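The lines below spell out each chain.
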Protein chains: 2
Amino acid sequence: MKLQQLRYLVEVAQSGLNVSQAAENLHTSQPGVSKQIRLLEDELGVDIFVRNGKRVVSVTEPGRHILAIAERVLLEAKNLKEAGREFSSQFTGTLTIATTHTQARYVLPKVIARFSEQYPQVKLTLHQGNPTNVAEEVVSGRADLAIATEGLDQFADLRILPCYQWNRSLVVPPGHPLLERPALTLEELAAFPIITYDFAFTGRSKINQAFERHGLTPNVVLTALDSDVIKTYVELGMGVGIIASMAFDPVRDQGLRALDVSHLFENSTTRIGIRRGTFLRQYTFDFIAMFAPHLGKEAVQQVLQAEESESGAAF
Amino acid sequence: MKLQQLRYLVEVAQSGLNVSQAAENLHTSQPGVSKQIRLLEDELGVDIFVRNGKRVVSVTEPGRHILAIAERVLLEAKNLKEAGREFSSQFTGTLTIATTHTQARYVLPKVIARFSEQYPQVKLTLHQGNPTNVAEEVVSGRADLAIATEGLDQFADLRILPCYQWNRSLVVPPGHPLLERPALTLEELAAFPIITYDFAFTGRSKINQAFERHGLTPNVVLTALDSDVIKTYVELGMGVGIIASMAFDPVRDQGLRALDVSHLFENSTTRIGIRRGTFLRQYTFDFIAMFAPHLGKEAVQQVLQAEESESGAAF
DNA sequence: GTTAGTTACGCCGACCGTAACTATA
DNA sequence: TATAGTTACGGTCGGCGTAACTAAC
């Protein structure tokens, strides 16, 4: 049994049981992959894939178990390499963060500025996507950290670190009647056309909940994937915008007025998600601490180590 | 990075940093081992071993982390092979049980008889030893299950399954005065010379506790490693014996009389210990269920999966 | 001087890639 | 017929073992 064989195996499974595709992803030849998988099956004495003639059709029941273990082996092997890098060059490496627009645009810049100053040799990469993309990036190992408000808790393989709470602001054009209301209510708000986030984004669910709980149906005239689009259409007079408070920048957004409406909606919590069982570099711990000061190295390790599930004994 | 290199690495560490010894254990040549370890160190860019000239002297701090991860990789790789065997031949394999004398001699025989009948193709091996040996056998992977009353909870890598409770009997020669006492007390017992288990064995600690709690100092004239020795010396008239109740066999031990003394001592619990993260064969689950009927497959898996610690992120 | 480890070197096996062949949709 | 996978074959690389060398104790 070779690590290479396990890599081939997992890649085939992840390429939709397409051996040729897997070979391409692995930058090697298709017959090689095919052969190594046969050899592994021979060695284990079990068919991993169901073949219809020559086509790989599905995964056998034993194959599912074997794949799960193979993935763990590869994860640990990756950790080993990471550990090597950690000690050989403490201050160089890469850190890939998968996150959503609001974080990337309004929250991360100053964290990243500090981080880059302290670790100029670490190559930072941002992968932007919706909360589900973000979680998948981390689960698959393409990114190291997921930072998002929604969607992370759906993934059993992610360990979750709550970072900070935030709420929303209403943005309107200058002179808008709602600016005169000292204590805005949801009812008043529901009377106006609303522009806010697309579903499954940046705490959109809390907005819906609040209206529903009051038996109101907001008149959402436009949903957007990011705050910038929302602000643009508010400036155009299409409606009033509900955005994350940190997405309003009084300097840049001079064509708009913001009104804190945290009394109307529940707080949202932005979280970091890390794949369970991952070896973290020192600079990654430091990045997390810069993002959320209460998350020191010990606190993060505690979460990562707690309640590990799906051990090797599972069957 | 190859699995082989990790095997070499771990074996050297476990052979007291003796490369030649490790090579012998691995049935390969010493230069090969030496070279592969250098290659691995090169690849990771870190020294794993501290060398004084040519001698391997100790493990570097990075090396300790790398070794820990390497062991996990190998454990998972072993699990993968086990999984292969499980599916390729459900009813054949080996099961190695590390246990103490009392279990091996008085408790396991009937369990093993049933098991062997159901799984005639499974090769059963017993490793007898003291509780610490037993635990180490399982931690190191030389045995699959540890069965013992004491000592298992000292090992973080063992998952513990309580199996059954038991208490003690007094064994004396026929006609002994203590046989006339309807409700024996510790004070009465302390007046006689006592023969019982060696320290750190078969619930010996509970015996000491009971006497201590009553401010008594028992007159222990002989300690033995197993019940058979104790019974032999009781027959010789050297004193009265305190043994595990299941170690008295009225048919075989006709030269002795037994008296239940469970009211004098706390119950002891016999436990099974399994290395965390181990893949268990179906017949192993069945063995456990035969030994302790309340430990079905689900129950065992739950214990194995709960509270996994020392994840890959640990540092 | 003995024990332990590295360097040197040659052999064999294994993996990989190309090419030809075969089966599926 | 196009697409996907296995079989066949040769080149190359890498690991292993023997042997010679070198350093610690």
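What you see is a predicted model; the values in this text were computed from it and never measured.

Asks: Describe the protein's contact with DNA strand C, naming the residues involved and giving the relevant values.
Replies: Neighbouring DNA strand C are 23 residues; A:Gln4, A:Thr28, B:Gln30, B:Ser34 and B:Arg38 lie closest to it. For DNA strand C, the fraction of atoms within 4 Å of the protein that belong to sugar or phosphate moieties is 63%. B:Arg38 has a polar side-chain atom sitting 2.4 Å from a phosphate oxygen of DNA strand C. In this structure, a phosphate oxygen belonging to DNA strand C sits 3.5 Å away from a side-chain N or O atom of B:Arg51. Those elements that place two or more of their residues in the surface near DNA strand C are α1 (3–14) and α3 (30–44) of chain A together with α2 (19–25) and α3 (30–44) of chain B. Per-element accounting of the surface near DNA strand C gives the leading share, four residues, to α3(B).

Asks: Help me get a handle on the protein's contact with DNA strand D, residues and values and all.
Replies: The environment of DNA strand D is made up of 23 residues, and the closest members are A:Gln30, A:Ser34, A:Arg38, B:Lys2 and B:Thr28. The protein-proximal atoms of DNA strand D, defined as those within 4 Å of the protein, are 69% sugar or phosphate. The separation between a phosphate oxygen of DNA strand D and a polar side-chain atom of B:Lys2 is 2.7 Å. With respect to DNA strand D, the side chain of B:Lys54 contributes an N or O atom lying 3.3 Å from a base oxygen. Elements with a contribution of two residues or more to the surface near DNA strand D: α2 (19–25) and α3 of chain A together with α1 (3–14) and α3 of chain B. With four residues, α3(A) is the largest single contributor of residues to the surface near DNA strand D. Here the surface near DNA strand D is built from residues that sort into six nonpolar, ten polar and seven charged.

Asks: Now, about the packing of aromatic side chains: what can you tell me, with residues and values included?
Replies: Throughout the structure, instances matching the rule amount to 14 aromatic pairs over all chains. Site record: aromatic cluster; members linked through ring pairs are A:Phe91, A:Phe115, A:Tyr119, A:Tyr283 and A:Phe287.

Asks: Explain the sheet that holds strand β11 (residues 257–260) of chain B to me, using residue names and the numbers behind them.
Replies: Residue and element names in this part refer to chain B. In space, the five strands of this open sheet follow the order β9-β8-β10-β7-β11, with mixed pairing throughout. Sheet topology places β9 (219–224) and β11 at the edges, where each strand pairs with a single neighbour. Strand-to-strand, the axes of this sheet are offset by a mean angle of 30 degrees, without reference to chain direction. Of the pairings in the sheet, the one linking strand β8 (residues 193–197) to strand β10 (residues 240–244) comprises two bridges and is parallel in character. When the bridges of β10 are listed, Ile 195 appears paired with Gly 241. Across the sheet, helix α8 (residues 204–213) is in contact with β7 (168–172), β8, β9 and β10; its angle to β8 comes to roughly 145 degrees.

Asks: Can you lay out α3(B) for me, pointing to particular residues and giving the numbers?
Replies: Taking 1.5 Å of rise per residue, 15 residues should cover 21 Å, and α3(B) covers 21 Å from first to last C-alpha, within 8% of that figure. Listing the buried residues of α3(B) in full gives B:Val33, B:Ile37, B:Leu40, B:Glu41 and B:Leu44. Down the axis, α3(B) shows its buried residues gathered within 100 degrees of arc, on one side only. Set apart from the buried face of α3(B) by more than 90 degrees, the exposed residues are B:Pro31, B:Lys35 and B:Asp42. Where the residues of α3(B) are buried, they touch α4 (61–88) of chain A together with α1, α2, β1 (49–52) and α4 (61–88) of chain B.

Asks: An account of the sheet that holds strand β6 (residues 158–166) of chain B is needed here, citing residue identities and associated values.
Replies: Residues and elements named next belong to chain B. Strand order across the open sheet formed by five strands is β4-β3-β5-β12-β6, with mixed pairing between neighbours. Of all the strands in the sheet, the pair left with one neighbour each is β4 (122–128) and β6. Sheet twist, expressed as the average angle between the axes of neighbouring strands with direction ignored, equals 20 degrees. The strands touched by helix α10 (residues 282–291) within the sheet are β3 (93–99), β4, β5 (145–148), β6 and β12 (268–275), with β3 carrying the most contacts at an inclination of about 40 degrees.

Asks: Talk me through the side chain of A:Asp226; I want residue IDs and the actual numbers.
Replies: Residues and elements named next belong to chain A. Its location among the elements puts Asp 226 in the loop between β9 (219–224) and α9 (227–235). Buried Asp 226, no salt bridge; nearest opposite-charge side chain is Arg 105, N-O distance 6.6 Å. Separated by 3.0 Å, the side chain of Asp 226 and the backbone nitrogen of Asp 228 make a polar contact.

Asks: I'd like to hear about the nonpolar core, residue by residue, with values.
Replies: Judged by nonpolar contacts, the single largest core of 60 residues is most densely connected at A:Leu6, A:Leu9, A:Leu80, B:Leu6 and B:Leu9. Sorting the residues of this core by element identifies α1, α2, α3 and α4 of chain A together with α1, α2, α3 and α4 of chain B as the ones contributing at least two each. Setting aside its immediate chain neighbours within four residues, A:Leu6 contacts A:Met1, A:Leu40, A:Ala70, A:Val73, A:Leu74 and B:Leu80.

Asks: Just give me the short version of the pattern of salt bridges, but keep the residues and values in it.
Replies: Evaluation of the coordinates by the stated rule reveals 28 salt bridges over all chains. We note a salt bridge from A:Asp228 to A:Arg105, for which the minimum N-O separation is 2.5 Å. A residue pair is termed long-range when its members are at least 10 positions apart, and A:Asp228 in helix α9 and A:Arg105 in helix α5 (residues 101–118) qualify at 123 residues. Here A:Arg105 falls in the partly exposed class, since its relative accessible area comes to 31%. For B:Glu82, the salt bridge is made with B:Arg85, and the minimal N-O distance between the two is 2.9 Å. With a gap of three residues between them, B:Glu82 and B:Arg85 both fall in helix α4, about one helical turn apart. Since its relative accessible area comes to 17%, B:Glu82 is described here as buried. With relative accessibility at 40%, the residue B:Arg85 sits in the partly exposed group. Shared partners join several salt bridges into a network, and the residues in it are A:Glu82, A:Arg85, A:Glu86 and A:Arg281.

Here is what the cut-offs are and how they apply
- Residues numbered from 1 in each chain as written.
- Chains lettered and ligands numbered in written order.
- Predicted model: local features only at pLDDT ≥ 70, side-chain atom pairs only at ≥ 80, totals over all residues.
- Heavy atoms only, no water.
- Near = heavy atom within 4 Å.
- Polar contact = N/O pair within 3.5 Å; in protein donor to acceptor, adjacent residues only side chain to side chain.
- Helix = DSSP H or I, 4+ residues; strand = E, 2+ residues; numbered from the N terminus.
- Nonpolar A, V, L, I, M, F, W, Y, C, P; charged D, E, K, R; others polar.
- Phe/Tyr/Trp six-rings, centres within 6.5 Å; stacked < 30°, edge-to-face > 60°.
- Pairing = 2+ DSSP bridges.
- Axes fitted to C-alpha atoms, helices over the stretch in contact; angles between N-to-C directions.
- Contact = heavy atoms within 4.5 Å.
- Expected span 1.5 Å × (residues − 1).
- Buried < 20%, exposed > 50% of the residue type's maximum accessible area, 1.4 Å probe, protein only.
- Arc of directions from axis to C-beta.
- Lys, Arg positive; Asp, Glu negative; His and termini not counted.
- Salt bridge = Lys/Arg side-chain N within 4 Å of Asp/Glu carboxyl O.
- Core = buried A, V, L, I, M, F, W, Y, C linked by side-chain atoms within 4.5 Å.

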